[in-house]
Amino acid sequence: VPVSHIRNFSIIAHIDHGKSTLADRLLQFTGTVDARDMKEQFLDNMDLERERGITIKLQAARMTYTGRDGQTYILNLIDTPGHVDFSYEVSRSLAACEGALLVVDASQGVEAQTLANVYLALEHNLEIIPVLNKIDLPGAEPERVKGEIEEIVGLDCSQAVLASAKEGIGIAEILESIVHLVPPPQDTVADPLRALIFDSYYDPYRGVIVYFRVMDGVVHRGDRIRLMASGKEYEIDELGVLAPNQTPVESLHAGEVGYLAAAIKAVGDARVGDTITLATKPAKAALPGYTEAKPMVFCGLFPTDAAQFEDLRDALEKLKLNDASLHYEPETSSAMGFGFRCGFLGLLHMEIIQERLEREYNLDLIITAPSVVYRVTTLKGDVLTIDNPSLLPEPQYRQKIEEPYVQVEMITPETYVGTLMELAQSRRGIFKDMRYLTQGRTTLIYELPLAEIVTDFFDQMKSRSRGYASMEYHLIGYRENDLVKLDLLINNDPVDSLAAIVHRDKAYYVGRALVSKLKDLIPRHQFKIPIQAAIGSRIIASESIPALRKDVLAKCYGGDVSRKRKLLEKQKAGKKRMKAIGSVDVPQEAFMAVLRLK
Ligand code: GDP
Ligand code: MG
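Residues numbered from 1 in each chain as written. Chains lettered and ligands numbered in written order. Predicted model: local features only at pLDDT ≥ 70, side-chain atom pairs only at ≥ 80, totals over all residues. Heavy atoms only, no water.

Novice: Run through the nonpolar core, naming residues and quoting values.
Specialist: If you look at the biggest cluster of nonpolar residues, it comprises 50 residues, and the most contacted ones within it are L357, M410 and I453. Top element by residues in this core is helix α7 (residues 309-321). It accounts for five residues. Setting aside residues up to four positions removed in sequence, L357 forms contacts with L301, L312, A315, L316, L319, N362, L363 and L365. Residues V90, L126, L242 and L437 belong to the second largest nonpolar core, which totals 41 residues. (Core = buried A, V, L, I, M, F, W, Y, C linked by side-chain atoms within 4.5 Å. Buried < 20%, exposed > 50% of the residue type's maximum accessible area, 1.4 Å probe, protein only. Helix = DSSP H or I, 4+ residues; strand = E, 2+ residues; numbered from the N terminus. Contact = heavy atoms within 4.5 Å.)

Structure follows, in structure tokens:
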């Protein structure tokens, strides 16, 4: 295929605006997947993704399309994950494209995620084609939404396509726009090979399968390649295109998108953003933009049953083969025993891994509250990174503590501006900007400590706005704050896994709220259990759980068997997620209590 007949594009959209449905429709229209094979949403093929309605992992598909000009084109669709946690992967996918379809639900309008993705696409100088989707809905207002896109994003909408991915309206126009508006790749076939890795996954039989876009030169099956960031070399066993199933070819040249297998053992050896070149004739410089995605959120994972420790290690090892950004190392907690401290790109990434460990590996876990990474300067001037609150050095050994800050952008109907400002302010937010968009919609910009976002901020924003507000955030750097370690004592023993780092101004409030919450969450025992919060050696809040007076079964009068059984089952289910700390059984929810304080 001549380079002039290739178009590489991605689809960017806010969640639920119809990205996957549109992708399916494009594959169908071009005959890439026939209707018979068409499963709902070909591109979202992980159960978890489907259940949550989000796209986590990128995929790519190659379509052949004959345009109205009679010419045959190769269209490569590179899908992007739809969540802020994976914005580095999004940026690498966009770097592999020359254009993007911007899908906006015509009954909703521009949302926070739409904007965040558009900014990324603009950074990569992509040609952006606005698509107003869901025009079949009675509430669709394509003209209003066009105005919104022009005003907020500053994109010309005179060529915008009106579409319904569901009804198949506007699909031909979208394909024509891709051919005519998205520029072809540059013809750099004669240059030394440089190919950009935008995704990879681990296959137990073939090793890592790498998805890439050839930026310069040509690559052949059998070539000896070098990964420029890792420095490792491999021989290509298999090379191919995604049509959309893997189809082997002999070579791929500049502008093309494909996959390769080369007996690579773990995805960490072929990271997203790395540059593939030839070992025999390497390129001078790697492609720009490679970084190693750093974990932002950490938590402890402990098996409820200590005997499952090795199983947990095996499971993490397997997940890591497929996920270079998952970090873990063994952790020993005096309260919880042996487990792992794990690092994630963000909260969603954390939830996905936790869910997979429990569902796919049948593990029963106790998960401690997520923590951000603090930067502590010691008196001697050393800088430590602390991702576990219980390891914070005592005040007499430290000069200062810094914590990560993010900039948050919320888009909301005007009615909820007040309550959302109140929310941000209550989370140590610093107001930066407020702008009126169209039709009573407003964007609010705040700077907040990341630690305040990893609690229930998103849920609060959704419930305060009845689901209408959307948000995005990105890291802006570290700032010094007056932070203290809050210790929790159960039955007079400090529980390391319950320790939290909080702002001094909030410490008393959090301490009191946490103690009273734990009092409700921890079941009664045969003895009285004191619960206390402390800063250093100073107790700042204290409660106690009274001893159990009677056998729980006593109130069943001995007669009603089914009720008795129900009660026992209920007790058993409740037990499932308990961790014995000293002689006290503590339920899973207690470890998350700090996230759900009113
Ligand atoms: P994504 O999150 O952007 O991938 O969105 P999906 O493609 O999963 O679509 C979200 C929901 O919107 C699904 O229930 C789709 O069936 C629905 N949907 C997508 N496109 C259209 C459309 O053009 N019209 C209508 N009425 N519904 C649509
Ligand atoms: Mg989707």
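Novice: Please set out unusual backbone geometry residue by residue, giving values where relevant.
Specialist: For the bond running from A243 to P244, omega is -5°, close enough to zero to count as cis. By the secondary structure assignment, P244 is in the loop between β12 (238-242) and β13 (246-248). The phi torsion at R428 lies on the positive side, around 65°, for a residue other than glycine. Among the secondary structure elements, R428 is positioned in the loop between α9 (417-426) and β24 (430-436). Here N492, not a glycine, exhibits a phi torsion of approximately 75°, which is positive.

Novice: Tell me about the site of ligand 1, and please be specific about residues and values.
Specialist: Taken together, 17 residues lie around ligand 1, and D16, K19, S20, T21 and D136 are the ones closest in. H17 has a polar backbone atom sitting 3.5 Å from an oxygen atom of ligand 1. Contacts to ligand 1 include T21, whose side-chain N or O atom sits 2.5 Å from an oxygen atom. For ligand 1, whose unbound accessible area comes to 580 Å², protein coverage reaches 79%. Per-element tally for the shell around ligand 1: the top contributor is helix α1 (residues 19-29), with three residues. (Near = heavy atom within 4 Å. Polar contact = N/O pair within 3.5 Å; in protein donor to acceptor, adjacent residues only side chain to side chain. Areas by Shrake-Rupley, 256 points an atom, 1.4 Å probe, with all protein chains shown as cover.)

Novice: Before we move on, could you go through the side chain of R213 and cite the residues and values that matter?
Specialist: Looking at the secondary structure, you find R213 in strand β8 (residues 207-216). Within polar-contact distance, the side chain of R213 engages the side chain of E98 at 3.0 Å. For R213, the residues in contact, after removing those within four places along its chain, are N8, A96, C97, E98, P185, R194, A195, L196, F198, G255, E256 and V257.

Novice: Any chance you could break down the pairing of strand β5 (residues 127-133) for me, citing the residues and the numbers?
Specialist: With six of seven residues buried, β5 lies mostly within the body of the structure. Bridge count for strand β4 (residues 99-105) against β5 is seven bridges, and the pairing is parallel. Note that in β5 the partner of V103 across the bridge is V131. The β-α-β motif built from β4, the intervening helix α4 (residues 112-123) and the parallel element β5 has right-handed crossover chirality. As paired elements, β5 and strand β6 (residues 161-162) share two bridges and run parallel to each other. Across the sheet, residue V131 finds its bridge partner in β6, namely V161. (Pairing = 2+ DSSP bridges. Right-handed = clockwise from strand over helix to strand, strands pointing away.)

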